[in-house]
There are 2 protein chains.
Amino acid sequence: MDLGGTKIHAALVDARGRVAASHRTGTDIEGGPSKAVADIVRCVHACAPDLAEVGAVGVGVAGQVDTKKGIVRSAPNLGWSDFPLGERLEQVLGVPVAVENDVRAISWGVWRHGAGRDVDDLLVLFVGTGVGGGIVSGGLPITGDRGVAGEIGHSTLVQGGRLCTCGRRGCLEAYAGGWAIAARAREAVAEDPEAGQAILDAAGKGEVTAVVVSQAAADGDPLAARLLDETARCLGSGLAGLVHVLNPRRIVLGGGVIDGNPHLVDIVESVVREQTIPIFSDRLEFRGSELGPQAGVIGAASLARRRLQERSAA
Amino acid sequence: MDLGGTKIHAALVDARGRVAASHRTGTDIEGGPSKAVADIVRCVHACAPDLAEVGAVGVGVAGQVDTKKGIVRSAPNLGWSDFPLGERLEQVLGVPVAVENDVRAISWGVWRHGAGRDVDDLLVLFVGTGVGGGIVSGGLPITGDRGVAGEIGHSTLVQGGRLCTCGRRGCLEAYAGGWAIAARAREAVAEDPEAGQAILDAAGKGEVTAVVVSQAAADGDPLAARLLDETARCLGSGLAGLVHVLNPRRIVLGGGVIDGNPHLVDIVESVVREQTIPIFSDRLEFRGSELGPQAGVIGAASLARRRLQERSAA
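Conventions and cut-offs
- Residues numbered from 1 in each chain as written.
- Chains lettered and ligands numbered in written order.
- Predicted model: local features only at pLDDT ≥ 70, side-chain atom pairs only at ≥ 80, totals over all residues.
- Helix = DSSP H or I, 4+ residues; strand = E, 2+ residues; numbered from the N terminus.
- Rg over C-alpha atoms; globule rule 2.2 N^0.38 Å.
- Buried ≥ 20, exposed ≤ 12 C-beta atoms within 10 Å, placed from the backbone.
- Contact = placed C-beta atoms within 7 Å.
- Expected span 1.5 Å × (residues − 1).
- Least-squares fit on C-alpha atoms with pLDDT ≥ 70 in both.
- Nonpolar A, V, L, I, M, F, W, Y, C, P; charged D, E, K, R; others polar.
- Domains from an automatic or database assignment.
- Pairing = 2+ DSSP bridges.
- Axes fitted to C-alpha atoms, helices over the stretch in contact; angles between N-to-C directions.
- pLDDT = per-residue confidence, 0-100.
- Core = buried A, V, L, I, M, F, W, Y, C linked by C-beta atoms within 7 Å.

## Focus on the overall build of chain A
At step 1: A tally of helices and strands in chain A yields 12 helices and 13 strands.
At step 2: In terms of overall size, chain A behaves like a compact globule, its C-alpha atoms giving a radius of gyration of 20 Å where 314 residues would be expected to give roughly 20 Å.
At step 3: When the backbone C-alpha atoms are referred to their principal axes, chain A occupies close to 60 × 50 × 35 Å.
At step 4: A buried classification covers 55% of the 314 residues belonging to chain A.
At step 5: Counted over contacts in chain A with a minimum sequence separation of 6, partners at least 24 positions apart contribute 63%.

Structure below.
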C-alpha cells in the first residue's frame, strides 16, 4: 500500500518484487483514519480476492511513522496524528502489517529490488515535493530510536537559512524540495520579471511549480536552468556532508524532481565528488532508482515481507 | 593504544573497561611508522610483561583508518599514509589487532563502558582540536563501506561557508573545532582590538588558542563568552540536522573544548531541542562522556575485545 494525500495505491507483490495485481482509489481525507482503514481493506480484497495469497501487508504513509509500533505520528497531508494504523489493520485483516514513512518504504524497495540491491551501505534520496530518504548501513536498515531515522531532507544545509515547512531554518528540503524550487522560482521571477517571463509563460494561468520550472528549463530558459542547477548543487552539498557521516557505497536518487530532470544526477555526483575527502568517494557510486511509479508499493511489500520474517523468527 | 601526534598512550584494560596498568611515551614522528610499531610493542610489554595477559590489541589513531583492513589511510599529524598498521602489529605480537580512528575508538568505549552504555541508538561527538564522532544504530556501530563512517565534523553546517582543513567549505569542524575557535577568535580580535584585549591578555606571549578563549571566558570576558556561545550554537545546529537523519536516543558530548567548558552542553541541548521535530527530540537525552582522559585507551581496548570475539566466531 502507498497511502498519500490524494490516492491509495495497492498492489500484490511477489518475493522478487514483481507486481501481480494492483488497484488505485482516491484518498477520502474527510472520512478520516477509519474510512482509510476501510478503503485499504477494500483495496486488499481488490488485489487479492483470496486473502490466503496475502502473507502480510506493508503500508507506506506520507508522514512521520513510529514503525516499531505501527503508529502514524503525524501525517499533515492526511490530517492524522497518533493513529495506530498497524494495529487497526491487523485486527481486520488477520495478517502482520508493517507501517512506514512512504520514502523509507521506497528506500527499502530500492535496496531489496531496485538500484541498491547488491550493496550493504546505501543512501537513498527521493526529491519530490519534499526531500526524503532512507539509509542502509552494514546490511541493515537504519531505523533510529523511534523508527523515524532517514529524514535527510531535514539535515542542515545552511545554518539559519531558508524557513522549512518543519519550522526549522536551513534544511536541505527548504532549498531542494519541489515546494522550495517553486518558492525560489517565484522569488526570482518577482526580482527580475523580464528574466522570469519564460517561467511565467510555462505556468500559463496556473501557479509556478517545480514542474513548470522543469518545463521551462527543458525549453531552454536560462533562469529555470539556473534554478535547477542550484537545486542539484544544494543536493550535492547536503549529500557530501552525509557521505562523511555515513560512508555509503552507493547513493540512489529518485522522485519527481530527479525523474523529471535526470541530468541533475550528474551535477549532484560531481558536487559530491568535489566536496568529499577521497577515501569517502573513491568507491562511491551514483544511480537512478529503477523502480519507477511502482516504487512505493514494491517498497511497502518488501517491508511487509520483512515483518513476516520477524514474526516467524520470534 | 591511543596513538596521537605527540604521545602514545597504552593501557591494559579488563572486560569491564577498567585500566589495570598504563604507560605513556612520546611519538617519534621522524622515526616513521616502523619506529611507531617498535614503540607500540615496547608499550605493550611495559603494560603486560606477560604477553599471555593480552588477548588482543586495539589502536586508536588520529586519522582516517580503513578499519576492516587495519590500514591507516591518512594521518596528517603522524605524516603517514596507507600504512598497514594492523597487519604489522599482528606479525610482531601474534594476537588480533584492531585499528580505528581515535574518536571512533573513544565512541565505542563510551558505548560499551561510558555514558552511552545502555542505549542502542547513540551519537557521540568529541570536540577537541578537530570535531569527530561515532554512531551506534540499532545496537551496532556504523562503520560504512570503507570503515570510515562517523566523520561528523565534516557534515555540512553552512553551504559554501568557512574553509575547513579537509579542503571543503562549511564543515561543522570549520566553526566548532578547537582550531576554528582559535581562528574565529583571532579574526574577532583583529576586527575589534579593544573588545579583544582580554583574549590577548589571556594569551600573554603565546598564540590565541581555544584554551586561551576558554580561560578568558571563565574570567568573564564577553567576547570570549560570545565566541564559545556561538560554537555551542553551531554544534547544536549541526547535531539537529543529524538527529533527523539518525534519530538517536542519546547524544554524548566530550573532548577538550566540551570538558573545558561544560556549560556548553546545556546550550547545545537547548539549540538541538529548539531545532528538532518533536518526535525526534522527545526521548532524546544529552550526556557528558564520563570516561575522562582514559577514554582513548578504554575505547581502543573495547574494539580489541570485539575483534577477538569476531575472530573466535569466524
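## A word on helix α5 (residues 178–191) of chain A
Residues and elements named next belong to chain A.
At step 1: End to end, α5 covers 20 Å across 14 residues, agreeing with the expected 20 Å (1.5 Å per residue, within 8%).
At step 2: Buried within α5 we find Gly178, Ala180, Ile181, Ala182, Arg184, Ala185, Ala188 and Val189.
At step 3: For α5, the secondary structure elements touched by its buried residues are α4 (173–176), α6 (197–203), α7 (210–218), α8 (222–246) and α9 (256–260).

## Considering the relation of the copies chain A and chain B
At step 1: For the match of chain A to chain B, the screw axis carries a shift of 0.0 Å, the RMSD comes to 0.0 Å, and the turn is 180 degrees. In the structure described here, the two chain copies are related by an operation that fits a two-fold rotation axis. Considering only C-alpha atoms, the residue of chain A closest to the rotation axis is valine 158 of chain A, which sits at 2.2 Å.
At step 2: By residue overlap, the copies meet face to face through one surface: 100% of the interface positions of chain A are interface positions in chain B.

## Digging into the interface of chain A and chain B
At step 1: Listed as interface residues are 41 residues of chain A and, on the opposing side, 41 residues of chain B.
At step 2: Broken down by class, the residue content of the side of chain A that touches chain B amounts to 17 nonpolar, 16 polar and eight charged.

## Remarks on the domain arrangement of chain A
Residues and elements named next belong to chain A.
At step 1: When the domains of chain A are assigned, the result is domain 1 (2–107 + 293–313) and domain 2 (118–289).
At step 2: Facing the 11 residues of domain 1 at the interface are 12 residues of domain 2.
At step 3: Taken together, the elements giving at least two residues each to the side of domain 1 that touches domain 2 come down to β5 (64–66) and α3 (102–113).
At step 4: Of the residues forming the side of domain 1 that touches domain 2, the biggest block, four residues, is contributed by α3.
At step 5: Residue composition of the side of domain 1 that touches domain 2, by class: four nonpolar, four polar and three charged.

## A closer look at the pairing of strand β8 (residues 97–101) of chain A
Residue and element names in this part refer to chain A.
At step 1: Most of β8 is tucked away: five of the five residues are buried.
At step 2: The pairing of strand β4 (residues 57–61) with β8 spans five bridges and is parallel. Residue pairing across strands places valine 59 opposite valine 99, the latter belonging to β8.

## Re the sheet that holds strand β2 (residues 7–13) of chain A
Residues and elements named next belong to chain A.
At step 1: Overall, mixed pairing links the five strands, which are arranged β3-β2-β1-β4-β8 in an open sheet. The strands lining the two open edges of the sheet, one partner per strand, are β3 (19–26) and β8.
At step 2: Here helix α12 (residues 295–313) sits on the sheet in contact with β1 (2–3), β2, β3, β4 and β8, set at roughly 130 degrees to β4.

## Considering the sheet that holds strand β12 (residues 250–254) of chain A
Residue and element names in this part refer to chain A.
At step 1: Read from one edge to the other, the open sheet built from five strands follows the order β11-β10-β9-β12-β13, with strand pairing classed as mixed. Either end of the sheet is taken by a strand with one partner, and the two such strands are β11 (140–141) and β13 (285–288).
At step 2: One ladder, built from two bridges, connects strand β10 (residues 131–137) with β11; its direction is antiparallel. Bridge pairing in β11 links serine 137 to leucine 140.
At step 3: Relative to the sheet, α8 contacts β9 (122–127), β10 and β12, its axis offset from that of β9 by approximately 155 degrees.

## Notes on the environment of glycine 139 of chain A
At step 1: Mapped onto the secondary structure, glycine 139 of chain A falls in the loop between β10 and β11.
At step 2: Along the backbone, glycine 139 of chain A and valine 213 of chain A are 74 residues apart, and their C-alpha atoms lie at a distance of 38 Å.

## Re the confidence of the model for chain A
At step 1: Counting all residues, the mean pLDDT for chain A is 93, and 100% of those residues have values of 70 or more.
At step 2: Per the prediction output, this complex has pTM 0.90; the corresponding ipTM is 0.90.

## Describing the nonpolar core
At step 1: Core analysis: the biggest nonpolar cluster contains 201 residues, and Ile199 and Val213 of chain A together with Ile199 and Val213 of chain B have the highest contact counts within it.
At step 2: Not counting the four nearest positions on each side in its chain, isoleucine 199 of chain B is found in contact with Ala185, Val189, Val208, Val212, Val213, Ala216, Asp221, Leu223 and Ala224 of chain B.

## Some words on the pairing of β10 of chain A
All names here are of chain A.
At step 1: In terms of residue burial, β10 counts as a mostly covered element, since seven of its seven residues are buried.
At step 2: Residues Val131, Gly133, Ile135 and Ser137 point to one face of β10 and Gly132, Gly134 and Val136 to the other, with burial holding for every one of them.
At step 3: Counting the residues between successive antiparallel strands, the hairpin from β9 to β10 contains three residues.
At step 4: Hairpin connection, β10 to β11: the antiparallel pair is bridged by two residues, and glycine 138 has positive phi, about 60 degrees.

## Digging into unusual backbone geometry
Residue and element names in this part refer to chain B.
At step 1: Positive phi, close to 50 degrees, is recorded for aspartate 82, a residue that is not glycine.
At step 2: Mapped onto the elements, aspartate 82 comes out in strand β7 (residues 80–83).
At step 3: Judged by local crowding, aspartate 82 falls into the exposed class, with 9 C-beta atoms found within 10 Å.
At step 4: Residues other than glycine seldom take positive phi values, yet glutamate 290 does so here, at roughly 75 degrees.
At step 5: Tracing the sequence through the fold places glutamate 290 in the loop between β13 (285–288) and α12 (295–313).

## Comments concerning the environment of tryptophan 179 of chain B
At step 1: Here tryptophan 179 of chain B is to be found in helix α5 (residues 178–191).
At step 2: Through-space distance from the C-alpha of tryptophan 179 of chain B to that of glutamate 151 of chain B is 16 Å; in sequence the pair is 28 residues apart.

## Here's the deal with the environment of glycine 255 of chain A
Residues and elements named next belong to chain A.
At step 1: By secondary structure assignment, the location of glycine 255 is in the loop between β12 and α9.
At step 2: According to the C-beta neighbour criterion, glycine 255 is buried, with 23 such atoms within 10 Å.
At step 3: Residues glycine 255 and leucine 223, spaced 32 residues apart in sequence, show a C-alpha to C-alpha distance of 22 Å.
At step 4: Non-local contacts of glycine 255, meaning those with residues more than four positions away in its chain, are made with Phe126, Val127 and Gly128.

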